[in-house]
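Reading the structure
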Amino acid sequence: PKYKKFQHMAEFILRHQWQGKKPLDNALQVEILFLCTKPKSKIRKTTKDHRLPKCRSREDIDNQIKSVLDALQAAGIIKNDNLVYSITAEAWFAGIEEKIEAKISITEVLTAKWKIN
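One structure accompanies this document, and this report is about it. All values derive from a computational prediction rather than experimental measurement.

1. A closer look at the overall build of the protein
Helices and strands together make up the secondary structure of the protein, namely two helices and four strands. Within the protein, contacts between residues separated by at least 24 positions form 86% of all contacts whose residues are at least 6 apart in sequence. By element, 54% of the accessible surface of the protein is carried by carbon and sulfur atoms, the whole surface being about 9000 Å².

2. Some points on the packing of aromatic side chains
The full count for this structure, using the stated rule, is one aromatic pair. A cation over an aromatic ring shows up here: lysine 21 above the ring of tryptophan 18, its NZ or CZ 5.2 Å from the ring centre.

3. A few points about the pattern of salt bridges
The tally for this structure, following the rule as stated, stands at five salt bridges. With a shortest N-O distance of 2.4 Å, glutamate 11 and arginine 15 are connected by a salt bridge. Remark: arginine 15 and glutamate 11 occur in helix 1 (residues 2-18); sequence separation between them is four residues, near one turn of the helix. Classification of glutamate 11 as partly exposed rests on a relative accessible area of 22%. Across the salt bridge formed by lysine 79 and aspartate 25, the nearest N and O atoms sit 3.9 Å from each other.

4. Digging into the nonpolar core
Judged by nonpolar contacts, the single largest core of 21 residues is most densely connected at Leu14, Leu28, Ile32, Phe34, Leu72, Ile77 and Ile78. When residues of this core are traced back to their parent elements, those giving at least two are helix 1, strand 1 (27-36), helix 2 (61-74) and strand 3 (84-93). With residues near it in sequence (within four places) discarded, leucine 72 still touches Leu14, Ile77, Ile78, Ile104 and Ile106.

5. Description of the packing of helix 1 against helix 2
With their axes 8 Å apart at the nearest point, helix 1 and helix 2 run at an angle of 50 degrees to one another. One way to sum up the angle between helix 1 and helix 2 is to call them oblique. In this structure, the crossing between helix 1 and helix 2 has a hand that is right-handed. Contact residues: Tyr3, Phe6, Gln7, Ala10, Glu11, Leu14 and Arg15 in helix 1; Ser67, Asp70, Ala71, Leu72 and Ala74 in helix 2.

6. Re the environment of lysine 66
When you line up the elements, lysine 66 lands in helix 2. Put simply, lysine 66 and aspartate 81 are 15 residues apart on the chain and 9.0 Å apart in space, counted from C-alpha to C-alpha. Polar side-chain contacts of lysine 66 include one of 2.8 Å to the side chain of aspartate 81.

7. As for helix 1
Its 17 residues give helix 1 an end-to-end C-alpha distance of 24 Å, which sits within 8% of 24 Å, the value for a rise of 1.5 Å per residue. Those residues of helix 1 not exposed but buried are Gln7, Ala10, Leu14 and Trp18. Here the buried residues of helix 1 occupy an arc of 75 degrees about the axis, which is enough to place them on one side. In helix 1, the exposed positions that point more than 90 degrees away from the buried face belong to Lys2, Lys5, His8, Met9, Phe12 and His16.

Definitions and limits used
Residues numbered from 1 in each chain as written. Predicted model: local features only at pLDDT ≥ 70, side-chain atom pairs only at ≥ 80, totals over all residues. Heavy atoms only, no water. Helix = DSSP H or I, 4+ residues; strand = E, 2+ residues; numbered from the N terminus. Contact = heavy atoms within 4.5 Å. Areas by Shrake-Rupley, 256 points an atom, 1.4 Å probe, with all protein chains shown as cover. Phe/Tyr/Trp six-rings, centres within 6.5 Å; stacked < 30°, edge-to-face > 60°. Lys NZ or Arg CZ within 6 Å of the ring centre and 35° of its normal. Salt bridge = Lys/Arg side-chain N within 4 Å of Asp/Glu carboxyl O. Buried < 20%, exposed > 50% of the residue type's maximum accessible area, 1.4 Å probe, protein only. Core = buried A, V, L, I, M, F, W, Y, C linked by side-chain atoms within 4.5 Å. Axes fitted to C-alpha atoms, helices over the stretch in contact; angles between N-to-C directions. Parallel < 35°, antiparallel > 145°, perpendicular 65-115°, else oblique. Left-handed = near helix turned anticlockwise from the far one by under 90°. Polar contact = N/O pair within 3.5 Å; in protein donor to acceptor, adjacent residues only side chain to side chain. Expected span 1.5 Å × (residues − 1). Arc of directions from axis to C-beta.

Here it is as structure tokens:
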């Protein structure tokens, strides 16, 4: 029930922000920044205004990524999540003054060339 509630809310917000544009149908690069609620056990005087990496928590980042991709597809922003060939994601505990949110950046790639570093 908690996941379904998230999906409906995320789909509504994303659909509103997309405003009826056509779904993206080319190769996609996706960047996601998750700002999450900091647990009370992590709040200290020295860290209350600073972000901390979100690790060793119950919600795995791979599950968060999948939730976002499902919401993007359900909202009609991307035609299918199998178009995503590159994902960069970070999860942080937000500072006290920061808003809890997921920031998503999508780049539609029309031509790409693989490089060896």
